[in-house]
2 protein chains.
Amino acid sequence: MSGEHNQLRLVRAGIDTYQQPVVYMHRDCHVCRSEGFTALTRVLARSGGREVVATLNVVVDDHLELDVAALSEPAWKMLQPDRDAWAVFSHPEPPASAAALRAKVFGQRLREADFLALMRDMVGNRLSDIELTAFVTACAGERLDMEETTALTKAMLAVGERIDWGSGVVLDKHCVGGLPGNRTTPIVVAIVAAAGHRIPKTSSRAITSPAGTADAMETMAPVALDLDAMRSVVEREGGCIVWGGSVRLSPADDVLIRIERPLDFDSDGQLVASVLSKKAAAGSTHVLVDIPVGPTAKVRSAAAAASLEARLLATAQALGLNLSVLRTDGLQPVGYGIGPALEARDVLSVLRNDTRAPRDLRSRALDLAGALLDAAPGAAPGKGRALACTLLDNGAALAKFLAICEAQGGFTEPTLAPHTRPVLASRTGQIQRIDNRRLARVAKLAGAPASATAGIDSRLRIGDSIQAGEPLFEVHAQSPGELEYALAYAAAHPDIFEIGASE
Amino acid sequence: MSGEHNQLRLVRAGIDTYQQPVVYMHRDCHVCRSEGFTALTRVLARSGGREVVATLNVVVDDHLELDVAALSEPAWKMLQPDRDAWAVFSHPEPPASAAALRAKVFGQRLREADFLALMRDMVGNRLSDIELTAFVTACAGERLDMEETTALTKAMLAVGERIDWGSGVVLDKHCVGGLPGNRTTPIVVAIVAAAGHRIPKTSSRAITSPAGTADAMETMAPVALDLDAMRSVVEREGGCIVWGGSVRLSPADDVLIRIERPLDFDSDGQLVASVLSKKAAAGSTHVLVDIPVGPTAKVRSAAAAASLEARLLATAQALGLNLSVLRTDGLQPVGYGIGPALEARDVLSVLRNDTRAPRDLRSRALDLAGALLDAAPGAAPGKGRALACTLLDNGAALAKFLAICEAQGGFTEPTLAPHTRPVLASRTGQIQRIDNRRLARVAKLAGAPASATAGIDSRLRIGDSIQAGEPLFEVHAQSPGELEYALAYAAAHPDIFEIGASE
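From a predicted model like this one, the values you see are computed outputs, not experimental measurements.

Engineer: I'd like to hear about the interface of chain A and chain B, residue by residue, with values.
Structural biologist: Counting from both sides, the interface comprises 51 residues of chain A and, opposite them, 51 residues of chain B. For the side of chain A that touches chain B, the secondary structure elements donating two or more residues are strand E2 (15–16), helix H1 (30–35), strand E5 (50–59), helix H3 (98–105), helix H5 (129–138), helix H11 (251–263) and helix H19 (480–492) of chain A. Looking at the side of chain A that touches chain B residue by residue, the class counts come to 23 nonpolar, 19 polar and 9 charged. Pairing geometry for E2 of chain A and strand E5 (residues 50–59) of chain B, over 2 bridges, is antiparallel. Of the residues in E5 of chain B, the one forming a bridge with aspartate 16 of chain A is valine 58 of chain B.

Spelled out as structure tokens, the structure:
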């Protein structure tokens, strides 16, 4: 539509705006003038056969020449301009999915074609953060019904890559999260792969928690493998534990997570779509989902768990996935550590059959591995847990885990943080309750997951006795500033571990 | 919480990021390192007793020194640093309203204290655009009930200034919009003030339309008056037509509008809160609300109008405002012009009793002025319209309008755009329907309201006959590029004026 005269020379601004492409132009440049561009206008830049829709920031002093447009790092990476390249700038067409977005915001039900239009615009970077946030919010709570959840899942699946493993069974497990330290995945994958099954596990980084499996695993081995690298690990070892974002199995999910993270919420519908689109894209045939239930876990009641389970089963059926659910106790944290490196330390101690290993983490991992072994076609029913236990105790799981790490690029022992400080009990008594959400908040304020060594370390469980002045937990941080934030928050919330009179 | 060592010298980045404060720091500066700041982190900057929460953009090349933080224009204006000032940077506390925001997103009802916390954080710039968008979306559609609407209105009122006019009646009118060209306000204010009433009118700029009253008025006189200047205009002339944003009667609304504008939606609850918080803040006692109803107007059906009217009346009563509603015909545009300067031209031709003045605009203005004169205490019922007609015909309204313009800073005749082109009828027949939304979209693509002279000019009304090849309307634009966009959109939508067989 626009003439090819709207050109500016491209330079690199050297500014990191995360995933958000930004372009800087001078207020008085001929493109701003002829196109009527003002601050925060969405502009389409085309150069060398590529294009990007970016947010305009207007330069009002003489830092920028009039014939130049500067690109922030994500804009630069998307456009990949040659040296001295020029770009043509114009108003982008309204995104094709604008009507669907508006309809959803106003409470209408969407169909698969609507979700597909939204996901295409999302992975094509044609939606602004404001539009993305409106979509996430409009789908929050109970605002996606079962059919919409399935439609969204299929749409997310359609805009990403999908792995074909050929014939045969592909096992997978997923935990809906919400329980600090519940890092069973590396142990389960090691056991199941040691049993001779195929389990190509892709994991996410933390959304609203102090650590995702990918964050914890990354302290022991590289996880940012592309699809070919992941495939060769699985062909060699039967299993892997890699970051889903770099195989780009669900690029739409990666965009949504960027918005959900600062808002600190996700919803049942989006959770199911996120999980199952990735499972289907990974080529899984049999999936076990762990739902921890507890008053301060992500799923707080049996009713909420039943509702989530029904949605998972209905969507899995629509996608042709064999899905089973294991509801687990979500009362309190699992293992000792909360935070990437601290959780990795616990995982290794279980795999090494260390006598000081957290018993709860071991027991949960065996339950899950057992259930998954039972779910595989042809398994002798009810024998899974015993088999899992044998493979863990005889060192086969540890050997498999180290072999997987080697195949992913090499094993590293996780390190601990330079700054640690205990938080002490203010009274003597017995631990009555643990507030998982606030405990996770302390770990996040301490820097987790961005700082891999940051987090919480605690051996206390509900029912344990403690004396006033003894440590409730230890805060680990990479920087003194972060340690202070976490400690200040902990001081302001002395009931994270609720201490009652001893019986 | 944080040590005072986290200091950087402040410089002005010279980058306009609209209302969004942004701070630029080098990736390797000691503050980023010690605080764990990364791209898009929200950071608190304190300097000279002022503070601002800004979004961090991370500089990754050598454009920025390591001991310096650069501020975007809005951040610079909020912090107002002295020459060579330093700022202390830290993580902001989570906004006090975070829990209320989350509750609303998940469909819970909020109380006045929740809305108050949200509005305080909003005007204190403590909410990110992502959080603001989540709030706007969570309140869209039917998601605010009557009580919440009242609570939101009171909260918006509480965080702004409120004008005290002393005793006596203060009249006001408002149109809920959605009808292109419906620029009755300047005429109504002129007539009502000429009748000796007090009518201090604050108007908004366009949210989703090609022109707001403030945009149109600004082509004839300054509208960005502060409270003192507005008061002296009203004391002298009885009335004014100023921009509500610069008197900051509803600063929360100004923030919300910034998010609603790119999303192109607002909702009943937010609309009522926006309108009535400003009316109450302006010290109005008697308010007339014009609700145009039509299939492509903002309010599309009698049922929707009734629902909006009920919400307006309930909230007005809770605030102690005397409110009346006039539902008007919203089938087609009003006047000839759509866009700030073109609408101003129509207003002037009505006030000047020009024989070519648009009759529909004149008639609607008289209806509204009459209803408002009738609503004033002590009025002889049903005599309002005749009085309005007299004051318009005898030139008293024109004289009053020009006097108000003078008092606001001086009258200017609006100018027309340098680039115009007609859109021609593709067939012969009779105008059956006019798509107000698409017509408004053409005006916006032509540059309205940012370009004051841009817009649409058309004398055709439903029922008029037209020959193929005759102009349906003329597009006005400030730049050739914008003219092209508007014409391309019009060409892609030939049924904006639907032409049927002549009878």
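On we go.
Engineer: Just give me the short version of the sheet that holds strand E14 (residues 419–424) of chain B, but keep the residues and values in it.
Structural biologist: All names here are of chain B. Here 4 strands make up an open sheet; going across it, the order is E13-E16-E18-E14 and the pairing antiparallel. For this open sheet the edge positions go to strand E13 (337–338) and E14, each flanked by a neighbour on one side alone. Direction of pairing for strand E16 (residues 455–457) relative to strand E18 (residues 471–477): antiparallel, over a ladder of 3 bridges. In the sheet register, aspartate 457 faces E18, and the bridge partner there is glutamate 474. Helix-sheet contacts for helix H19 (residues 480–492) involve E14 and E18, and the interaxial angle to E18 is about 150°.

Engineer: I'd love a proper account of the sheet that holds strand E18 (residues 471–477) of chain A, names of residues and values included.
Structural biologist: Residues and elements named next belong to chain A. Spatially, the 4 strands line up as an open sheet ordered E13-E16-E18-E14, and their pairing is antiparallel. For this open sheet the edge positions go to strand E13 (337–338) and strand E14 (419–424), each flanked by a neighbour on one side alone. In this structure, E14 lies alongside E18, joined through 6 bridges in antiparallel fashion. When the bridges of E18 are listed, arginine 421 appears paired with valine 475. Against the sheet, H19 makes contact with E14 and E18, and its axis sits at roughly 150° relative to E18, the strand it touches most.

Engineer: Give a detailed account of the nonpolar core, specifying residues and quantitative values.
Structural biologist: With 276 residues, the main nonpolar core has Ile191 and Val192 of chain A together with Ile191 and Val192 of chain B as its most contacted residues. When residues no more than four places from it in sequence are discounted, the contact partners of isoleucine 191 of chain B are Ala369, Ala388, Leu391, Leu392 and Ala397 of chain B. In this structure, Ala75 of chain A together with Ile15, Ala70 and Ala87 of chain B belong to the second largest nonpolar core, which totals 62 residues.

Engineer: Give me the packing of helix H18 (residues 436–445) of chain A against H19 of chain A: which residues, what numbers.
Structural biologist: Residue and element names in this part refer to chain A. Closest axis-to-axis distance for the H18/H19 pair is 7 Å, and the angle between their directions is 160°. The orientation of H18 relative to H19 falls into the category roughly antiparallel. For the pair H18 and H19, the sense of crossing is right-handed. Each of Arg441, Val442 and Leu445 in H18 lies in contact with H19, whose residues at this interface are Glu482, Tyr485, Ala486, Tyr489 and Ala490. Within the contact of H18 with H19, the residues separate by chemical class into 6 nonpolar, no polar and 2 charged.

Engineer: Talk me through the relation of the copies chain A and chain B; I want residue IDs and the actual numbers.
Structural biologist: Relative to chain B, chain A is turned by 180° and slid 0.1 Å along the rotation axis, the superposed coordinates differing by an RMSD of 0.1 Å. On the angle and the small slide along the axis, the relation comes out as a two-fold axis.

Cut-off values and rules
Residues numbered from 1 in each chain as written. Chains lettered and ligands numbered in written order. Predicted model: local features only at pLDDT ≥ 70, side-chain atom pairs only at ≥ 80, totals over all residues. Contact = placed C-beta atoms within 7 Å. Helix = DSSP H or I, 4+ residues; strand = E, 2+ residues; numbered from the N terminus. Nonpolar A, V, L, I, M, F, W, Y, C, P; charged D, E, K, R; others polar. Pairing = 2+ DSSP bridges. Axes fitted to C-alpha atoms, helices over the stretch in contact; angles between N-to-C directions. Core = buried A, V, L, I, M, F, W, Y, C linked by C-beta atoms within 7 Å. Buried ≥ 20, exposed ≤ 12 C-beta atoms within 10 Å, placed from the backbone. Parallel < 35°, antiparallel > 145°, perpendicular 65-115°, else oblique. Left-handed = near helix turned anticlockwise from the far one by under 90°. Least-squares fit on C-alpha atoms with pLDDT ≥ 70 in both.

Just geometry here; none of it tells us what the structure is for.
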